[in-house]
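Working through the structure, step by step
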Amino acid sequence: MHESCGRVLDRFYRVFPCLSDPARRSSLLLKAALVMLHLVFVGILFLFDKDLIEKTKCEPWYTGLYLLLFVATLVQYFLTSGSSPGYVLDAVRYVNETNTVFKKISTPSKQPASSKNGNMVITVEGSQSARNLPGSNATSWTKLVLDMYPHGISARSLTCSYCGVEQPPRAKHCHDCDKCVLQFDHHCVWLGTCVGQGNHCRFWWYICEETALCLWTGVFYIIYLKVNISRAWWKDAIIIMLLVILSMSLIFLLLLLLFHSYLILTNQTTYELVRRRRIPYLRGIPERVYPFSKGLCRNLYNFCFVRSSINELERLPNAMELEEMSRPYTCLDFLTCRCC
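Owing to the predicted nature of the structure, the values given are computational and were not obtained by experimental measurement.

Take the packing of aromatic side chains next. Within the structure shown, the criterion is met by 13 aromatic pairs. Considering the side-chain rings of Tyr-66 and Trp-216, the 5.5 Å spacing of their centres and the 75° angle between planes classify their relative orientation as edge-to-face. Placement of the pair is Tyr-66 in helix α4 (residues 60-82) and Trp-216 in helix α8 (residues 200-228), with a sequence separation of 150 residues. On the basis of relative accessible area, Tyr-66 is assigned to the buried category, the value being 0%. Geometrically, the ring pair formed by Phe-184 and Tyr-271 is edge-to-face, given 5.9 Å between the ring centres and 75° between the ring planes. Taken together, the residues Phe-184 in the loop between β4 (179-181) and β5 (186-188) and Tyr-271 in helix α10 (residues 270-274) connect sequence positions 87 residues apart. Its relative accessible area of 7% is what places Phe-184 among the buried residues. Taken together, the ring pairs in this structure connect Trp-61, Tyr-62, Tyr-66, Trp-216 and Phe-220 into an aromatic cluster.

Written as structure tokens, this is what we have:
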């Protein structure tokens, strides 16, 4: 009996190799459960509420917008879960490939190579906005990372004991993904992946869409109860139970949306906010000083248009910059938009 079951499982895993890994199997089950929850909440609404169906016939645009939001939320969920958070190894690979390509370009030939011969650029946020890779002295990953920290820090203290690579500021090793993630925020169980530099923007949009969908569905449930209360008690009981779950989910989603909006505007991550005292390079910085913040407007711009690239790395501010950040705001600062 056990042998036959084992053979069946082996054949099943050969057909579906993605299910042979327990971690991937649990991730797929969670995703399937999340999709089923969405279908149940929306399906019961259309199954019970006959008035909604009649309203759809009269005003199809209203229900159409709701269904469009429903589909967009699920699409955004799968796009976010399938996107890379930005791994340190990918950034290292990019730097190595860039150096290799430039070395080939700058190989001595019959004619001397010009300085305008397509220098590859790795962008580093801060006062040194770009770093040219000139010929054979191309910047290695170790030197690139060391330049982001204050002088005196050794590469050994920055090396991840699991991946064996030097971590730039804001990176952290995720034990669930078993990889170092750039600008690590947290590992999301429902998404089955980390939230980091590469997908934090998509994650915020997913929360926003999920919150709007939850709120709109709750409004539909309340309208149904107002019109159809006491017609069928078992239907009312199901709708009330689902409405309670929706209300709790909505409170959680709203708090999560506000929390991540605050992180975006101050250019922080969940890990940095929660474990600030445990991060060596953040211990000596006052808690009300946000070392990576560049003002509300620029933080928002970088989050939406810049941070998704693995080529954008942020360095730690120097002592003078930290002193300027810790200076309290004055009326003149607000007039000159220092906070922006």
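So, next bit.
We now examine unusual backbone geometry. One non-glycine residue, Arg-170, lies in the positive phi region at around 80°. Inspection of the secondary structure assignment puts Arg-170 in the loop between α7 (155-158) and β3 (172-174). Even without a glycine there, the phi angle at Gln-183 is positive, about 50°. Examined against the element boundaries, Gln-183 turns out to sit in the loop between β4 and β5. For Gln-183, a relative accessible area of 4% translates into the label buried.

Another aspect to go through is α4. The terminal C-alpha atoms of α4, which comprises 23 residues, lie 33 Å apart, in line with the 33 Å expected from a rise of 1.5 Å per residue. Restricting attention to buried positions, one finds in α4 the residues Tyr-62, Thr-63, Tyr-66, Leu-69, Phe-70, Thr-73, Leu-74, Gln-76, Tyr-77, Thr-80 and Ser-81.

At a closest axis distance of 9 Å, the pairing of α4 and α8 adopts a crossing angle of 145°. Relative to α8, α4 is oriented so that their crossing is left-handed. For the pair α4 and α8, contact is made by Tyr-62, Leu-65, Tyr-66, Leu-69, Phe-70, Ala-72, Thr-73, Gln-76, Tyr-77, Leu-79 and Thr-80 and by Arg-202, Phe-203, Trp-205, Tyr-206, Glu-209, Glu-210, Ala-212, Leu-213, Trp-216, Thr-217 and Phe-220, respectively. For the contact of α4 with α8, the class distribution of residues is 15 nonpolar, 4 polar and 3 charged.

Summary statistics for the chain give a mean pLDDT of 82 and a share of 78% for residues scoring 70 or more. A low-confidence stretch, residues 109-121 stays under pLDDT 50, and its non-local contacts, those more than four residues away or across chains, total 15 contacts. Counted against residues more than four places away or in other chains, residues 127-138, with its pLDDT under 50, gives 31 contacts.

Now for the pattern of salt bridges. According to the stated counting rule, one finds 9 salt bridges in the structure shown. The shortest N-O distance in the salt bridge between Asp-90 and Arg-93 comes to 2.8 Å. With Asp-90 and Arg-93 both in helix α5 (residues 88-105), this residue pair falls 3 residues apart, about one helical turn. Among the residues examined, Asp-90 registers a relative accessible area of 27% and is labelled partly exposed. Connected through shared salt-bridge partners, Arg-170, Glu-272, Lys-294 and Glu-314 make up one network.

Under the feature "transmembrane region" (unreviewed entry), the UniProt entry names residues 28-48, 60-79, 203-225 and 237-265. With 100% helix and 0% strand, the stretch residues 28-48 has end C-alpha atoms that lie 30 Å from each other. With 100% helix and 0% strand, the stretch residues 237-265 has end C-alpha atoms that lie 42 Å from each other.

The contact between helix α3 (residues 50-58) and α4 brings their axes to 5 Å, and the two run at 110°. The orientation of α3 relative to α4 falls into the category roughly perpendicular. On the side of α3, the interface is formed by Leu-52, Lys-55, Thr-56, Lys-57 and Cys-58, while α4 contributes Pro-60, Tyr-62 and Thr-63.

One finds Tyr-221 and Ile-239 to be the most contacted residues of the largest nonpolar core, which totals 37 residues. For this core, the elements supplying multiple residues, two or more each, are α2 (22-48), α4, α8 and α9 (233-266). Sequence-distant contacts of Ile-239, defined by excluding residues within four places in its chain, comprise Ile-44, Phe-48, Tyr-221, Tyr-224 and Leu-225. By size, the runner-up hydrophobic cluster in this structure holds 23 residues, among which are Tyr-149, Leu-182, Leu-282 and Leu-316.

Definitions and limits used
- Residues numbered from 1 in each chain as written.
- Predicted model: local features only at pLDDT ≥ 70, side-chain atom pairs only at ≥ 80, totals over all residues.
- Heavy atoms only, no water.
- Phe/Tyr/Trp six-rings, centres within 6.5 Å; stacked < 30°, edge-to-face > 60°.
- Helix = DSSP H or I, 4+ residues; strand = E, 2+ residues; numbered from the N terminus.
- Buried < 20%, exposed > 50% of the residue type's maximum accessible area, 1.4 Å probe, protein only.
- Expected span 1.5 Å × (residues − 1).
- Axes fitted to C-alpha atoms, helices over the stretch in contact; angles between N-to-C directions.
- Left-handed = near helix turned anticlockwise from the far one by under 90°.
- Contact = heavy atoms within 4.5 Å.
- Nonpolar A, V, L, I, M, F, W, Y, C, P; charged D, E, K, R; others polar.
- pLDDT = per-residue confidence, 0-100.
- Salt bridge = Lys/Arg side-chain N within 4 Å of Asp/Glu carboxyl O.
- UniProt positions renumbered as here; feature names shortened; annotations may be inferred.
- Parallel < 35°, antiparallel > 145°, perpendicular 65-115°, else oblique.
- Core = buried A, V, L, I, M, F, W, Y, C linked by side-chain atoms within 4.5 Å.

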